[in-house]
Amino acid sequence: MHKSSLISITDFSKHDYLKIMKLAAEFEQNPNQNLLNGKVVASLFFEPSTRTRLSFETAILRLGGRIIGFSDSSSSSVTKGETLHDTIKMVSNYADLIVMRHPLEGSARYASQVSSVPVINAGDGANQHPTQTLLDMYSIIKTQGRLDNINIFLVGDLKYGRTVHSLLQALSVFENPIFNFIAPPELSMPVEYKKFLDQKGIRYFEHTEFTDIISEADIIYMTRVQKERFTDPIEYEKVKNVYILKNKMLANTKPSMRILHPLPRINEIHTDVDSNPQAYYFKQALNGVFTREAIITHILGLK
Ligand code: CP
């Protein structure tokens, strides 16, 4: 693996997380900095994206870099049968950095082993989404003023939702986190992540409903049921409407509580929540630009 790649959130230390938070705050104050002048970044999206691709590309342009790549692999030679190995070998000859999203778990790690330049994982199947986690952490620190002692409710598709897997691992390095997992049994948090918390002695609680305990939350992190990961459409139909957060449910929450969602949302947050000051998900998506500027400059050693 290229030593500077970011494939799993665990590739970064607590020190790295805090440095990214500090840099993101600097980029929020001053987003246009010519640090990527003369550099080319490849943006390879083998799976659809709005926020991750466009916020990475905005970050690169604000840093004065140039972009090559594709947003739809059907326009690449993958359709002719070219392997991921050969695609990455080629592109790493052209670019200084590769940002890649791919539907297969482990594909980003494999790409980083083949590439001669750093690879940033922009989401690999149901596995990891480390740059989303860093922008989630930036959103938590901005709204709560801390990353320690956070009581976080992770709600929805905890089985296939890669963002919750990365976020759980990242918050585990801070003091005294409490995780409340709210999911139907079919979409519960995978055993390996619960074992991970057990080994660290970190508290977590599993629920199928959360209205009775909602007043305890510092962060409610809603997720979409990941239709594209289901092999059986009937199974998706059973769980697709399992949680719908409505404004009236927020009456007994802490005023400082904020609602996050990596987006896209389907129906799991009712639009009547959008005008509630506790709704933070659109600002969270904007934080993605500053956080990704921070990640790119950190990985390339420019900051
Ligand atoms: N949060 C997120 O990954 O969104 P996109 O799928 O639109 O990139």
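Cut-offs and rules
Every residue gets a number counted from 1 within its own chain, in the order that chain's sequence is written. Predicted model: local features are reported for residues with pLDDT of at least 70 only, side-chain atom pairs are reported and counted for 80 or more only, and whole-chain, interface and lining totals are derived from all residues. Heavy atoms from the whole structure form the basis of all side-chain values; hydrogens and water molecules are not counted. Nearness of a residue to a molecule or strand requires only that one of the residue's heavy atoms be within 4 Å of it. Nitrogen and oxygen atoms within 3.5 Å of one another constitute a polar contact, given that in protein one can donate a hydrogen and the other can accept it, and given that sequence-neighbouring residues count only through two side-chain atoms. A 1.4 Å probe and the Shrake-Rupley method give the accessible areas. Residues count as covered only by the protein chains that appear here. Space inside and on the surface of the protein is sampled on a 1 Å grid over the protein atoms alone, with a cavity defined as a set of points where a 1.4 Å probe fits but cannot get out and a pocket as an open set with protein on both sides within 12 Å along at least 5 of 7 lines; lining residues have an atom within 4 Å of a point. Put plainly, a molecule is in a cavity or pocket when over half of its atoms are within 2 Å of the grid points there. To qualify as a helix, a DSSP run of H or I must reach at least 4 residues; to qualify as a strand, a run of E must reach at least 2; elements of each kind are numbered from the N terminus. Contact criterion: two residues are considered in contact whenever any of their non-hydrogen atoms come within 4.5 Å of each other. Axis geometry follows a simple rule: fit a line to the C-alpha atoms, using only the stretch in contact for helices, then measure angles between N-to-C directions, giving values from 0 to 180 degrees. Angles below 35 degrees are treated as roughly parallel, those above 145 as roughly antiparallel, those between 65 and 115 as roughly perpendicular, and all remaining angles as oblique. Working rule for handedness: look at the near helix, and if it is turned counterclockwise from the far one by less than a right angle, call the crossing left-handed; if clockwise, right-handed. Side-chain classes are defined by residue name, with Ala, Val, Leu, Ile, Met, Phe, Trp, Tyr, Cys and Pro counting as nonpolar, Asp, Glu, Lys and Arg as charged, and the others, Gly among them, as polar. Grid points are joined across faces, edges and corners, and a volume is the space filled by probe spheres set on the points. Start and end positions for the domains come from either an automated domain assignment or a database one. The term buried area means the drop in 1.4 Å probe accessible area that two parts suffer when joined, counted for both and summed. Salt bridges are identified by distance alone: a Lys or Arg side-chain nitrogen within 4 Å of an Asp or Glu carboxyl oxygen. Should DSSP find at least two bridges between two strands, the strands are regarded as paired. By convention, a crossover is right-handed whenever its connection, traced from the first strand over the helix to the second and viewed with the strands pointing away, goes clockwise. Two rings from Phe, Tyr or Trp (for Trp, the six-membered ring) form a pair when their centres sit within 6.5 Å of each other. Planes less than 30 degrees apart are called stacked, planes more than 60 degrees apart edge-to-face, and all others tilted. Only protein chains enter the area calculation, which uses a 1.4 Å probe; residues under 20% of their type maximum are buried, those over 50% are exposed, and those in between are partly exposed. Note on criteria: charge over ring means Lys NZ or Arg CZ within 6 Å of the ring centre, with the direction from the centre no more than 35 degrees off the ring normal.

**Student:** It is not clear to me how the site of the ligand should be interpreted in this structure. Could you clarify?
**Tutor:** Taken together, Ser 49, Thr 50, Arg 51, Thr 52, Arg 101, His 129, Gln 132, Pro 262 and Leu 263 form the complete shell of residues around the ligand. Here Arg 51 contributes a side-chain N or O atom positioned 2.9 Å from an oxygen atom of the ligand. Interatomic distance of 2.9 Å between a side-chain N/O atom of His 129 and an oxygen atom of the ligand. Out of a free accessible area of 260 Å², the ligand has 91% covered by protein chains. When each cavity is represented as a set of grid points, the ligand is found to reside in the largest pocket.

**Student:** Help me out: how do you make sense of the side chain of Asn 121 in this one?
**Tutor:** Counting through the fold element by element, Asn 121 comes out in strand β4 (residues 119-124). At 2.8 Å, the side chain of Asn 121 forms a polar contact with the backbone nitrogen of Gly 123. Beyond its immediate stretch of four places on either side in the chain, Asn 121 contacts Leu 6, Ile 7, Met 100, Ala 108, Gln 128, Pro 130 and Thr 131.

**Student:** Is there a simple way to think about the packing of helix α2 (residues 51-62) against helix α9 (residues 281-299) in this case?
**Tutor:** When two helices pack together, their arrangement is given by the angle between the helix axes and by the axis-to-axis distance. Packing of α2 against α9 leaves a shortest axis separation of 8 Å and a crossing angle of 55 degrees. Put simply, α2 runs oblique to α9. In the packing of α2 onto α9, the handedness of the crossing is right-handed. In contact with Arg 51, Thr 52, Ser 55, Phe 56, Thr 58, Ala 59, Ile 60 and Arg 62 of α2, α9 contributes Ala 285, Gly 288, Val 289, Arg 292, Glu 293 and Ile 296. For the contact of α2 with α9, a count of residues per class yields six nonpolar, four polar and four charged.

**Student:** What should I look at first to understand empty space enclosed by the protein in this one?
**Tutor:** If you roll a probe as big as a water molecule over the atoms, it shows you where there is empty space left. Enumeration according to the criterion identifies two cavities of 30 Å³ or more in this entry. For the largest cavity, the calculated volume is near 60 Å³. Lining the largest cavity are Arg 51, Thr 52, Ser 55, Gln 132, Leu 135, His 261, Pro 262, Gln 284, Ala 285, Gly 288 and Arg 292. Secondary structure elements with two or more residues in the lining of the largest cavity: α2, α5 (130-144) and α9.

**Student:** I'm lost on the layout of surface pockets in this one. Help?
**Tutor:** As a volume, the largest pocket reaches approximately 390 Å³. As for the largest pocket, its lining consists of 21 residues, of which Arg 101, Arg 162, Arg 224, Leu 263 and Pro 264 are closest to the centre. Among the elements of the structure, α2 and α6 (162-171) are those that each provide at least two residues to the lining of the largest pocket. Considered class by class, the residues forming the lining of the largest pocket number four nonpolar, ten polar and seven charged. Per-domain counts for the lining of the largest pocket show at least three residues from each of domain 1 (9-129 + 288-299) and domain 2 (130-285).

**Student:** Help me understand the domain arrangement of the chain, please; the structure alone is not making it clear to me.
**Tutor:** For interface size, the figure often reported is the accessible area lost on association. If you check the domain split of the chain, you get domain 1 (9-129 + 288-299) and domain 2 (130-285). Centre-to-centre, using C-alpha coordinates, domain 1 lies 24 Å away from domain 2. At the junction of the two partners, domain 1 supplies 30 residues and domain 2 supplies 27 residues. Of the roughly 2500 Å² buried between domain 1 and domain 2 on both sides combined, carbon and sulfur atoms contribute 60%. Where domain 1 meets domain 2, there are two salt bridges. Linking Glu 47 and Arg 162 is a salt bridge whose minimum nitrogen-to-oxygen distance equals 3.2 Å. Inspection of the region where domain 1 meets domain 2 yields 14 residue pairs in polar contact (both at pLDDT 80 or more). Residue assignment for the side of domain 1 that touches domain 2 shows that the elements contributing at least two residues are α1 (14-29), α2, β4 and α9. Top contributing element to the side of domain 1 that touches domain 2 by residue count: α1, with eight residues. The residue makeup of the side of domain 1 that touches domain 2, split by class, is 14 nonpolar, nine polar and seven charged.

**Student:** Even after reading the chapter, I still don't get the pairing of strand β7 (residues 203-207), so can you show me in this structure?
**Tutor:** Across a regular strand the side chains alternate sides, sitting on one face of the sheet and then on the other. Here strand β6 (residues 178-182) pairs with β7 via five bridges, running parallel. By the bridge assignment, Ile 182 is partnered in β7 with His 207. The parallel pair β6 and β7 is bridged by helix α7 (residues 191-200), and the resulting crossover is right-handed.

**Student:** Sorry if this is basic, but what is going on with the packing of aromatic side chains here?
**Tutor:** Here the distance between the centres and the angle between the planes together describe a pair of aromatic rings. With the rule as written, the count across this model stands at six aromatic pairs. Ring centres of Phe 210 and Tyr 243 lie 6.1 Å apart, and the angle between their planes is 75 degrees; this geometry places the pair in the edge-to-face category. With Phe 210 in the loop between β7 and β8 (219-222) and Tyr 243 in the loop between α8 (233-239) and β9 (258-260), the pair connects residues that are 33 residues apart, well separated along the chain. Each of the two residues, Phe 210 as well as Tyr 243, counts as buried. Members of the aromatic cluster, joined through ring pairs, are Phe 179, Phe 181 and Tyr 204. The aromatic ring of Phe 27 is capped on one face by Lys 303, whose charged end is 5.4 Å from the ring centroid.

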